[in-house]
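Architecture and fold: a report
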Amino acid sequence: MSIFDLINPFSYITPIHADSAEEDASSSATAVVVASDPVEEKEEVEVVEVEEENDAEEEEQEEEEEEEEDPEDPSPAIREACGESLACKSLKHHLDECAARVEEGSKESCAEEFLHFLHCVDQCAVPKIFSTLK
């Protein structure tokens, strides 16, 4: 486990998926139509059948997308290697010492040490990451 796995500044954000919002909206709209007007029930059945066909098509498309393999992101490995490099070794040492003091009960924050370490890692990793892009 690396230091990057421990700190995620976006951990409080929950992802919102547009597909699930559309499904919720369509299912609630369907329920309203069925409940409000019994004359339109025949039309609603037809709409549901069409939606089921669309769902089957969407599932086929999702299976095709799953079969396609996405290229692996090289940035975590590059960042990890830069964190262990000689250039950032002293900053990592200071960060580790600060983390040890905090674990022992110190009330200090290691934010400064962490930011210095991340700056060093970024300075090392960015050129290498961009050189791997096509």
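Overview of the structure. Remember, predicted model here, so these are calculated numbers, not experimental data. Counting starts from 1 at the beginning of each chain's written sequence and moves along it residue by residue. In keeping with the model being predicted, local features are shown solely for residues with a pLDDT of at least 70 and side-chain atom pairs are shown and tallied solely at 80 or more, while totals for entire chains, interfaces and linings include all residues. Where side-chain values are given, they derive from all heavy atoms of the structure, hydrogens and water being excluded.

**Focus: a nonpolar patch on the surface**
Judged by side-chain polarity, Val 126, Phe 130 and Leu 133 come together as a nonpolar surface patch covering roughly 310 Å² of accessible area. For Phe 130, the location among the structural elements is in helix α6 (residues 111-132). Relative accessibility under 20% of the residue-type maximum defines a buried residue, over 50% an exposed one, and the middle range a partly exposed one, all with a 1.4 Å probe and only protein chains included. Phe 130 gets classed as exposed once you look at its relative accessible area, which sits at 57%. Two distance rules govern patches: like charges are joined within 9 Å, and nonpolar side chains (Val, Leu, Ile, Met, Phe, Trp, Tyr) within 5 Å, applied only to residues with over 30% relative accessible area and no salt bridge. Computed with the Shrake-Rupley method and a 1.4 Å probe, the accessible areas treat only the protein chains shown as cover for residues. What makes a salt bridge here is a side-chain nitrogen of Lys or Arg within 4 Å of a carboxyl oxygen of Asp or Glu, nothing more. Helix numbering and strand numbering both begin at the N terminus, where a helix is a DSSP run of H or I of at least 4 residues and a strand a DSSP run of E of at least 2.

**Observations concerning the state of the cysteines**
Any cysteine sulfur atom paired with another within 2.5 Å is treated as part of a disulfide. Per the stated rule, a full pass over the model turns up three disulfides. For Cys 82, the disulfide goes to Cys 124, at an S-S distance of 2.2 Å. When the S-S torsion is -65°, as for the bridge of Cys 82 with Cys 124, the disulfide is left-handed. Of the two residues, Cys 82 is situated in helix α4 (residues 75-83) and Cys 124 in helix α6; the sequence distance between them amounts to 42 residues. Assigned by exposure class, Cys 82 and Cys 124 land together as buried. At a sulfur-sulfur separation of 2.0 Å, the disulfide partner of Cys 88 is Cys 120. Torsion about the S-S bond of the Cys 88 and Cys 120 cystine: about -95°, corresponding to left-handed handedness. Of this pair, Cys 88 sits in helix α5 (residues 86-103) while Cys 120 is found in helix α6, placing the two residues 32 residues apart along the sequence.

**Some remarks on a negative patch on the surface**
For this count, His and the chain ends are skipped, Lys and Arg are scored as positive, and Asp and Glu as negative. Note that the charge is assigned to NZ on lysines, CZ on arginines, CG on aspartates and CD on glutamates. Together, Asp 55, Glu 57, Glu 58, Glu 59, Glu 60, Glu 62 and Glu 63 make up a negatively charged patch on the protein surface. Relative to the helices and strands, Glu 59 resides in helix α3 (residues 41-67). Residue Glu 59 is classed as partly exposed on the basis of its relative accessible area of 47%.

**Notes on the pattern of salt bridges**
Throughout the structure, instances matching the rule amount to three salt bridges. Close ionic contact of Asp 96 with Lys 92 constitutes a salt bridge, the shortest N to O distance being 4.0 Å. Of this pair, Asp 96 and Lys 92 both sit in helix α5, four residues apart, roughly one helical turn. Accessibility expressed as a relative area gives 38% for Asp 96, which makes it partly exposed. Put simply, Glu 108 and Arg 101 hold a salt bridge, and the shortest N to O gap is 2.6 Å.

**Some points on the packing of α5 against α6**
The axes used here are C-alpha line fits, helices contributing only the stretch in contact, and every angle between their N-to-C directions lies in the interval 0 to 180 degrees. At their nearest, the axes of α5 and α6 sit 9 Å apart, and the two run at 155° to each other. It follows that α5 is roughly antiparallel to α6 by the angle criterion. The handedness of the crossing between α5 and α6 comes out as left-handed. In contact with Ala 87, Cys 88, Leu 91, Lys 92, His 94, Leu 95, Cys 98 and Arg 101 of α5, α6 contributes Glu 113, Phe 114, His 116, Phe 117, Cys 120 and Val 121. Put simply, Ala, Val, Leu, Ile, Met, Phe, Trp, Tyr, Cys and Pro go in the nonpolar bin, Asp, Glu, Lys and Arg in the charged bin, and everything else, Gly too, in the polar bin. Residues of the contact of α5 with α6, tallied by class, amount to nine nonpolar, two polar and three charged. Angles below 35 degrees are treated as roughly parallel, those above 145 as roughly antiparallel, those between 65 and 115 as roughly perpendicular, and all remaining angles as oblique. For a crossing to be left-handed, the near helix must be turned anticlockwise from the far one by less than a right angle; the clockwise case is right-handed. In what follows, a contact means two residues having at least one pair of non-hydrogen atoms within 4.5 Å.

**What to know about α4**
Looking at α4, one finds that the buried residues are Ser 75, Ile 78, Cys 82 and Gly 83. Angular distribution of buried residues about the axis of α4 spans 135°; they occupy a single face of the element. Here the buried face of α4 lies against α5 and α6. Along the arc lie the directions from the helix axis toward the C-beta atoms.

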